[in-house]
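# Chain and residue survey
As a plain string of letters, each chain reads:
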Amino acid sequence: MGTSTQALSNRATDARVTEDFDRRDFDWYVDKLVAGLVFVCGISAILFVLGIFFFVTKEGIGFVFEKMDFREFFLTPYWSPSDAEDPEYGILALMAGTASVTGLAMLVAVPFSLGAAIFIAEFASGKTREVLKVLVELLAAIPSVVWGFIGLVIMNPLLIKWFDIPVGLCVLNAGIILGLMAAPIMTSIAEDALKAVPDRYREAAEAMGATRWQVIYKVVLPAAKNGLLGGVLLGVGRGFGETMAVLMATGHAVNIPNSVFDSVRALTATIAAELGEAVVGGEHYQVLFTIGIFLFLVTFIINLSADLIVRGIRKG
Amino acid sequence: MATANPTMFQASDLNQHNERVQRRYQLLFGLMTLLLITPVLLILGTLVVKGGGAISWEFLLTAPTDGMRTGGVFPALLGTIWLVTVALLLSVPIGVFAAIYLSEYAGDNWFTRMINLAIINLAGVPSIVHALFGLGAFVLFFRFGTSILAASLTLAVMTMPVVIVATRESLQAVPQAFREACWNMGATRWQTIRRVVLPNSITGILTGVILEVSRTAGETAPIMFTGAVFFTPFLPQSVFDQTMALSLHLFVAATQVPGMAEEIPFGVALVLIALVLTMNSVSIAFRMWLRGKKKW
Amino acid sequence: MVSSGAAAVASDTGAPADNFPSKLEIRNLTIRYGHTVALRGVNLAVREHEIFGIIGPANAGKTSLLKAINRMDVFTSGMKVDGEIRFNGRDTSRLSNVYALRSRIGVVFPLPVGLPMTVYDNVALSPRLRGIKSKADLDVIVQRCLTRAALWDEVKDRLHALGSLLSGGQQQRLTIARALSQEPDLLMLDEFSIAVDPVTTMRIEDVLKELRQEVTILLVTNLVQQARRLADRTAFFLNGECVEVGVTEDLFTGEVKDQRTRDYVEGRFG
């Protein structure tokens, strides 16, 4: 019993109870310290984004203010940065390369990932569902450099054989690769959006005698519209910003494509390919950073719109 | 089937029709899913077939020889381990704390929305822009040079959203009632987090960390100009050294080295994929095991 | 045992003029959530070592009152508290360390919350939070609190099972044991019998009767008869207002000032 009273009398009694209320103990200060620490870490995300914008701009700003002719930069397709006498910096062809590849990729990926998402979310059940979800997740994890490698050594010979073309590194190749890359991510975002539609919507429609497909078409898809659109936008952003795969699979020729068999070059790939040989601080180097600013701003807008669209559904 | 009631007959007819339509759509979407997954599996199968021959202990544990045309991938493998380890040492603590802030402290206001938007953007900014940032900030401005430190910092900033999102999710899976019970007993926020919230979400956080290992190991563009090099005869001794890396090694082997035996790049690709997918599988398995082990 | 300090403070803050020191004094308390008023201008004084009952239908503001006393408004978004709450004579809105206040007030919720840790750790949590580390001391506290909460016999062989997986009735007694492990100066129970079977309810009531020797108990209950069985004095809350406070027996024998109290007590509404 001796221990008992000792253990229990560890606390102040009656008159001294309130003294504790004024005493900030060790734990009180630790709590405040942690609150500050996690706050700093929380805002670090904002700081990093600002940091990215700041440092990319810092390196590229010289060109933007001194030499850049916006019309020439955005509206001419002539890109010859290593021309010692008269280097030309027109990114129109590069933008066309990025746009054609991303566009084709979305053409491939959007219908298929939407279909796959509908199948996984609405038709598949039990084991099938689990296995498919895991597969999709694993496919989304394949690194982009591996995709580029696949485009280079597997798709390339296949396209040459199937379409009887001299070079298989082209819009089609990169589009398919990028489509296969983006599809798993879009599938899982779309599936999340479909799953977020409350079951009572489905039950209500089924109770009125609608078939499963009618329920999906008339109830689930409209309700998940914003989430699906947000997913597509994120896929676009993903394709737009993809670097290694398009670097390896497009053929890397500055060119406004006339057909899907033309080789092109993307904005991202240009930076990756040329930054290594550009002199730090030189004009070419600054131009590459200027492209970086452009990429940053475009993806920022895409992500912002995707976020606003998805948020719209939560509020509605 | 006695007297054929016409209305009943119609109803069952309609049902049959509906069922047919139903089955047709199920088939259609199932096929789309299959079309999405099969090519990838075929491609992966090709990689395994073509690269499998290259894989051996020797391939994993020796350096490239003869101008990278023969030999193994050891320096690249080791370099990737360096890069991933240092990147995680930096991003996991910050990421977990950031997630704790978002889940346990932040209110529902514009400021929190800004942070969330920033996280989405960190994940969404092109990897090559991260590379430019790493070059401008860590290599040049902070004068770390092209080094493991600069490359890992770049990777850390880029993949931190993975840890944040996974951690926030597993923290939010802990019911609010537990926190309130704890607060009511006089526990501070931090005591509550440490004694109740974290012990019940630590496995979920680990899942996110493993996922980040996989993401970090596969990235190429962010390390190209910040710390990874095509070839170096030296193994890294500290974070201020340059290093080879598996992902970049694949790019180099596939595009920059003429006359390399074909199975070597396939072997490199296979090692990289195996590393990434193993990590992902572990993370998924972990998550499933967790789901079957409810504590409330 | 009676603290003269508390008594002195009680008298100079205009507490009911009697010889009991006030453990808890509430003056002109108003609680809002956004534009909704949960509690309006409530005045109460709870004496040392009494069981003070609070009865009233749903939405009467009873739970908000307990939250405000425990200063949980800090952790509840949108909750705004005006007025004064004095605990042991101290204005609770002016404390440097609200955690110390909360650690002196034990709370039991309508729905039992066994924390997702072992039964032992559930009860040892509060002592550990205030720095008791010795296994022997903790053992004593855990056994003592579980015994007093009438749970020891049922769980003594599975102290290391998960507290969150006990049955509802057991979890409720576990939360009582946990509250007792705080060595509370004030114990607040919020409709504890909602999720509990009648037998367990009776056992907990017996526990409470014993406990009144050492702690002041604030008993919010939806069962009028429970208040009659346990409470020395009882307050009747309706729609965010304190309609009437009186000696419990008076309320039940018709000595009421307000007709609504009689109606509620006699089961005509609520």
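Residues numbered from 1 in each chain as written. Chains lettered and ligands numbered in written order. Predicted model: local features only at pLDDT ≥ 70, side-chain atom pairs only at ≥ 80, totals over all residues. Heavy atoms only, no water.

It is worth spelling out the overall build of chain C at this point. The helix and strand tally for chain C stands at 11 helices and 10 strands. Its C-alpha atoms put chain C at 50 × 40 × 40 Å along the principal axes. Residues counted as buried form 60% of the 270 residues belonging to chain C. Sequence-distant contacts in chain C: of pairs separated by 6 or more residues, those separated by 24 or more amount to 66%. (Helix = DSSP H or I, 4+ residues; strand = E, 2+ residues; numbered from the N terminus. Buried < 20%, exposed > 50% of the residue type's maximum accessible area, 1.4 Å probe, protein only. Contact = heavy atoms within 4.5 Å.)

A separate point is the overall build of chain B. Each helix and strand in chain B was counted, giving 12 helices and two strands. Written out in order from the N terminus, the α and β elements of chain B read α-α-β-β-α-α-α-α-α-α-α-α-α-α. Against the globule reference of 19 Å for 296 residues, chain B gives a C-alpha radius of gyration of 26 Å, more extended than a compact globule. Counting only contacts in chain B whose residues sit at least 6 apart along the sequence, the fraction spanning at least 24 positions is 75%. Put simply, chain B has 18 plus and 13 minus side-chain charges, and the middle of one group is 10 Å from the middle of the other. (Rg over C-alpha atoms; globule rule 2.2 N^0.38 Å. Lys, Arg positive; Asp, Glu negative; His and termini not counted. Charge placed at Lys NZ, Arg CZ, Asp CG, Glu CD.)

Time to look at the UniProt feature "transmembrane region" (unreviewed entry) in chain B. All names here are of chain B. Per the UniProt annotation, the sites labelled "transmembrane region" (unreviewed entry) are residues 27–49, 76–102, 114–142, 148–166 and 267–290. Along residues 27–49 the backbone is 100% helical and 0% strand, and the end-to-end C-alpha distance reaches 31 Å. For the annotated span residues 148–166, helix accounts for 100% and strand for 0% of the residues, and the straight-line distance between the end C-alpha atoms is 26 Å. (UniProt positions renumbered as here; feature names shortened; annotations may be inferred.)

Bringing the sheet that holds strand β7 (residues 186–190) of chain C into the picture now. Residue and element names in this part refer to chain C. Pairing within the open sheet is mixed, and its six strands lie in the order β6-β7-β8-β3-β9-β10. A strand with exactly one partner marks an edge of an open sheet, and here the two such strands are β6 (105–108) and β10 (241–247). Pairs of neighbouring strands in the sheet enclose a mean axial angle of 15 degrees, with direction left out of account. The pairing of strand β3 (residues 51–55) with strand β9 (residues 233–238) spans four bridges and is classified as parallel. Residue G53 lies in a different strand from β9, and its bridge partner there is T234. Docked against the sheet, helix α2 (residues 62–69) engages β3, β6, β7, β8 (216–221) and β9, running at close to 150 degrees with respect to β7. (Pairing = 2+ DSSP bridges. Axes fitted to C-alpha atoms, helices over the stretch in contact; angles between N-to-C directions.)

Residues and elements named next belong to chain C. Taking burial as the measure, the five residues of β3 include five buried ones, the bulk of the element. Side chains I51, G53 and I55 project from β3 onto one buried face, and the interleaved F52 and I54 project onto a second face that is buried too. Judged from the five bridges that link them, β3 and β8 form a sheet pairing that is parallel. Bridged to I51 within β8 is I217.

Here we come to the environment of T234 of chain C. Residue and element names in this part refer to chain C. With respect to the element layout, T234 can be found in strand β9. Take T234: its relative accessible area is 0%, and that puts it in the buried class. Along the chain, T234 and G246 lie 12 residues apart, while their C-alpha atoms are 5.6 Å from each other. The contact partners of T234, leaving out residues within four places of it in the chain, are G53, I55, A227, E244, V245, G246, T248 and L251. Within the structure, T234 has its side chain in polar contact with the side chain of T248 (distance 2.8 Å). (Polar contact = N/O pair within 3.5 Å; in protein donor to acceptor, adjacent residues only side chain to side chain.)

Take the packing of aromatic side chains next. Two aromatic rings are characterised by how far apart their centres lie and by the angle between their planes. Throughout the structure, instances matching the rule amount to 32 aromatic pairs over all chains. When the centroid spacing of 5.0 Å and the interplanar angle of 85 degrees are considered together, the rings of F73 of chain A and F74 of chain A count as edge-to-face. A relative accessible area of 21% places F74 of chain A in the partly exposed class. Here a set of aromatic residues connected by ring pairs shows up, and it is made of F54 and F55 of chain A together with F133, F138, F141, F142 and F144 of chain B. Note that K32 of chain A overlies the ring of W28 of chain A, its terminal NZ or CZ placed 5.0 Å from the centroid. The lysine or arginine in question, R189 of chain B, covers the ring of Y105 of chain B, its NZ or CZ lying 5.4 Å from the ring centre. (Phe/Tyr/Trp six-rings, centres within 6.5 Å; stacked < 30°, edge-to-face > 60°. Lys NZ or Arg CZ within 6 Å of the ring centre and 35° of its normal.)

Residues and elements named next belong to chain C. Per the counting criterion, the structure on display carries 38 salt bridges over all chains. Where D82 meets R32, a salt bridge forms, and the shortest distance between an N and an O atom there is 2.9 Å. Within this pair, whereas D82 is found in strand β4 (residues 79–87), its partner R32 is found in strand β1 (residues 22–33), the two being separated by 50 residues in sequence. For D82, a relative accessible area of 28% translates into the label partly exposed. With relative accessibility at 32%, the residue R32 sits in the partly exposed group. Across the salt bridge formed by R173 and E154, the nearest N and O atoms sit 2.7 Å from each other. In this pair, R173 is assigned in helix α7 (residues 168–181) and E154 in helix α6 (residues 152–155), connecting sequence segments 19 residues apart. A relative accessible area of 4% means that R173 is categorised as buried. (Salt bridge = Lys/Arg side-chain N within 4 Å of Asp/Glu carboxyl O.)

Turning our attention to the UniProt feature "domain: ABC transporter" (unreviewed entry) in chain C. As annotated in UniProt, the feature "domain: ABC transporter" (unreviewed entry) corresponds to residues 24–264 of chain C in the numbering used here. With 37% helix and 27% strand, residues 24–264 of chain C has its two end C-alpha atoms placed 26 Å apart.

Here we come to the confidence of the model for chain B. This prediction gives chain B a mean pLDDT of 90; 96% of its residues lie at or above 70. Across chain B, the secondary-structure element scoring lowest on mean pLDDT is helix α1 (residues 6–52) of chain B, at 82, and the one scoring highest is helix α5 (residues 127–141) of chain B, at 97. (pLDDT = per-residue confidence, 0-100.)

Before going further, it helps to spend a moment on unusual backbone geometry. All names here are of chain C. Residue N59 is not a glycine yet carries a positive backbone phi of 65 degrees. Note that N59 resides in the loop between β3 and α2. Look at N59 and you get exposed, because its relative accessible area is 72%. With phi around 50 degrees, N88 is a residue other than glycine that occupies positive phi space. With respect to the helices, strands and loops of the structure, N88 is situated in the loop between β4 and β5 (90–91).

Turning our eyes to something else, we now look at the nonpolar core. Side chains of nonpolar character tend, in soluble globular proteins, to be buried together. The biggest cluster of nonpolar side chains holds 227 residues, and the ones touching the most others in it are I291 of chain A, L47 of chain B together with I69 and L218 of chain C. Filtering out sequence-adjacent residues up to four positions away, L218 of chain C remains in contact with L24, V46, F52, I54, L66, I69, L186, L187, M188 and L189 of chain C. Ranked by size, the runner-up nonpolar core spans 36 residues in total, among them V155, A179, V207 and I217 of chain C. (Core = buried A, V, L, I, M, F, W, Y, C linked by side-chain atoms within 4.5 Å.)

Here we take up the confidence of the model for chain C. Residue and element names in this part refer to chain C. With 92% of its residues at a pLDDT of 70 or more, chain C has an overall mean of 87. Under a pLDDT of 50 for its full length, residues 1–18 has, in the predicted model, 17 contacts with residues more than four places off or in other chains. Two numbers describe this predicted complex: its pTM, 0.89, and its ipTM, 0.90.

In this section: the interface of chain A and chain B. Of the residues lining the interface, 78 residues belong to chain A; the matching set on chain B comes to 78 residues. In total, chain A and chain B occlude about 7,000 Å² of area from one another, counting both sides; carbon and sulfur atoms represent 83% of this. Three residues, F48, F55 and F149 of chain A, lead the burial of chain A against chain B; their summed loss comes to 9% of the area buried on that side. Between the two partners, chain A and chain B, sit two salt bridges. (Buried area = accessible area lost by both parts, 1.4 Å probe.)

Below, the discussion takes up a nonpolar patch on the surface. A surface patch of nonpolar side chains, amounting to about 390 Å² of accessible area, comprises W162, F163, V260 and F261 of chain A. Note that W162 of chain A resides in helix α6 (residues 144–163). (Patch = residues over 30% accessible without salt bridge, like charges linked within 9 Å, V, L, I, M, F, W, Y side chains within 5 Å. Areas by Shrake-Rupley, 256 points an atom, 1.4 Å probe, with all protein chains shown as cover.)

So, about the sheet that holds β5 of chain C. All names here are of chain C. Taken together, four strands build an open sheet; the order of strands is β2-β1-β4-β5 and the sheet is antiparallel. In this open sheet, the two edge strands, each paired with only one partner strand, are β2 (36–47) and β5. Strand direction decides the pairing type here: β4 and β5, joined by two bridges, are antiparallel. Paired with F87 across the two strands is R90, which belongs to β5. Docked against the sheet, α2 engages β1, β2 and β4, running at close to 115 degrees with respect to β1.

This paragraph deals with helix α4 (residues 92–123) of chain A. Across its 32 residues, α4 of chain A extends 44 Å between first and last C-alpha, which sits within 8% of the 46 Å expected from 1.5 Å per residue. Where α4 of chain A bends most, the angle comes to about 25 degrees, and this point is A109 of chain A, followed within four residues by the proline P111 of chain A. (Expected span 1.5 Å × (residues − 1). Bend = angle between axes of the 7 residues up to and from the residue.)

Looking now at the packing of helix α8 (residues 199–207) of chain A against helix α9 (residues 212–223) of chain A. A pair of packed helices can be characterised by two numbers: the angle between their axes and the separation between those axes. Residue and element names in this part refer to chain A. Where α8 meets α9, the closest approach of the two axes is 10 Å, and the angle between their N-to-C directions is 140 degrees. Crossing of α8 over α9 shows right-handed handedness. Counted together, Y201, R202, A205 and E206 of α8 and R212, V215, V219, V220 and A223 of α9 form the full contact between these two elements. Of the residues that constitute the contact of α8 with α9, the class distribution is six nonpolar, no polar and three charged. (Left-handed = near helix turned anticlockwise from the far one by under 90°. Nonpolar A, V, L, I, M, F, W, Y, C, P; charged D, E, K, R; others polar.)

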